[in-house]
Amino acid sequence: MELSVPEGGFWPAPPIPQPNIYPMEWRVETPKLADIYEKSKAMLWNPSDLPWDDLDPSEYDAEQRLAMMYWFALLANFDASGPAVFARATIHAFEQHEEDPVRKCFFSITRDEMNHEECCQRAIGKLWPGGPLDWTPTTDLESAAHNNIAWLYHNGGRYWNGYNASLGKYPMAVLFTSFMMGEVASSTLFRMMATGAQNPVFREMFKRIGRDEARHLQICMTILENDWPQLTDDDKELITRQLRAGFVFLSMILWEPPNQFWDLPPYFLANHRVLIDVARRAGLGVLSYDEQAENWRVAMARVRAIVGRWGIEFPAIPELDIDGVDVSDVSAEDIIPVF
Ligand SMILES: [Fe+2]
Ligand SMILES: [Fe+2]
């Protein structure tokens, strides 16, 4: 075997057109993110190990099972979009040659979200076989639930289209702010649900999901701490818009949907309230309207304080008596935040 050294030197390889996942490299600029990734591997849990036998559907009447299935179908509109959303964000991070721990942390979020999706799937499968939509309603309450879920997913589909378009359009820091909004919301949601839920399966599930979401928030915050000094005034304006979009989108699960973005029939909210109330009284851990509003207000104040440090203005949230920049024209294209 003989080494072949060309006369006149080696030929340079052609430049790789970007964005592209090549060339391969493993740059580490933020060791803290590498630590979080290690922690995510050590803390991995298995939804199949939850005490599913303790969730006995016969302990609930049909309306309670329907209403709890409805809540998980609602949660799935957000949490079950996580795997696809973060899988795409992971690929995007590779193509943008983000440092290795950023890509790995995004992958770990994708992994965690797959578990959260599985929880929705398993809970729905036990409570209402065929749910969320592959079953035939026989009562008015069942028809209302089935129809509301179909309308929810219609809106989820509009958000998915907007999200896909946004990846190439916005800088990563803008995406991270949207993700951060979702993680603040979800860690709040699951913390409150874990204390309120009566069934041990739900308590355990919410506790574990809440722990994951808190780690996701830590990831977003670490990345943003790195990126915010590079934000332009235009980016900052975009983020203010995104924060309002986050409130509008996530309120559906954390509180009640505001009169923006959501394309819903006029009877949706009345039926939604009835169903959520049945789920609440069945012991799912859903807080009251006022408790939810208060939790949301506290979470918003937290986000406001964080982004304020970076010179980003907060949007007006008149629904929660929060003043700020008027962003009353949020559309489907603005919606990025997820769990
Ligand atoms: Fe998350
Ligand atoms: Fe999640």
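Let me sum up the structure you'll find in this document. (Residues numbered from 1 in each chain as written. Chains lettered and ligands numbered in written order. Predicted model: local features only at pLDDT ≥ 70, side-chain atom pairs only at ≥ 80, totals over all residues. Heavy atoms only, no water.)

1. Some thoughts on the environment of Ser186
With respect to the helices and strands, the residue Ser186 is situated in helix α6 (residues 172-196). For Ser186, a relative accessible area of 0% translates into the label buried. The sequence separation of Ser186 and Ile209 amounts to 23 residues, and the corresponding C-alpha distance is 8.8 Å. (Helix = DSSP H or I, 4+ residues; strand = E, 2+ residues; numbered from the N terminus. Buried < 20%, exposed > 50% of the residue type's maximum accessible area, 1.4 Å probe, protein only.)

2. Focus: the pattern of salt bridges
The tally for this structure, following the rule as stated, stands at 18 salt bridges. A salt bridge links Glu118 to Arg122; the shortest N-O distance between them is 2.7 Å. A residue pair is termed a helical-turn pair when its members lie 3 or 4 positions apart in one helix, as Glu118 and Arg122 do in helix α4 (residues 100-127) at four residues. The buried category is assigned to Glu118, whose relative accessible area is 18%. You can call Arg122 partly exposed: its relative accessible area is 32%. Between Asp277 and Arg280 there is a salt bridge; the shortest N-O distance is 3.3 Å. One end of the pair, Asp277, and the other, Arg280, are both in helix α9 (residues 268-281), three residues apart, so they sit about a helical turn from each other. Residue Asp277 is classed as partly exposed on the basis of its relative accessible area of 27%. (Salt bridge = Lys/Arg side-chain N within 4 Å of Asp/Glu carboxyl O.)

3. So, the coordination of the iron ion (ligand 2)
Here the iron ion (ligand 2) is held by the protein donor atoms Asp79 (OD), Glu113 (OE), Glu113 (OE), His116 (ND1) and Glu213 (OE), which lie 2.0 to 2.8 Å from it. Each donor residue of the iron ion (ligand 2) lies on the same chain, and together they follow the pattern D-x33-E-x2-H-x96-E. Taken as a pair, the iron ion (ligand 2) and the iron ion (ligand 1) show a spacing of 3.6 Å, with Glu113 coordinating each metal. Taken together, the residues Asp79 in helix α2 (residues 62-79) and Glu213 in helix α7 (residues 200-227) connect sequence positions 134 residues apart. (Donors = N, O, S within 2.8 Å, 3.2 Å for Na, K, Ca; no water.)

4. Re the packing of α6 against α7
Two elements in contact, α6 and α7, have axes whose closest approach is 8 Å; the angle formed by their N-to-C orientations is 155 degrees. Here α6 is positioned roughly antiparallel relative to α7, judged by the angle of their axes. In terms of crossing hand, the pair formed by α6 and α7 is left-handed. Looking at side-chain class alone, the contact of α6 with α7 contains 16 nonpolar, five polar and five charged residues. (Axes fitted to C-alpha atoms, helices over the stretch in contact; angles between N-to-C directions. Parallel < 35°, antiparallel > 145°, perpendicular 65-115°, else oblique. Left-handed = near helix turned anticlockwise from the far one by under 90°. Nonpolar A, V, L, I, M, F, W, Y, C, P; charged D, E, K, R; others polar.)

5. Structural notes on the environment of Cys220
Among the structural elements, Cys220 can be located in helix α7. What makes Cys220 buried here is its relative accessible area of 1%. Sequence separation between Cys220 and Glu183 is 37 residues, and the spatial gap between their C-alpha atoms is 8.4 Å.

6. Observations concerning the environment of Pro101
Here Pro101 is to be found in helix α4. For the pair Pro101 and Leu243, spaced 142 residues apart in sequence, the C-alpha separation works out to 26 Å. Not counting the four nearest positions on each side in its chain, Pro101 is found in contact with Arg27, Val28, Thr30, Leu33 and Ala34. (Contact = heavy atoms within 4.5 Å.)

This is a description of form; function is not addressed.
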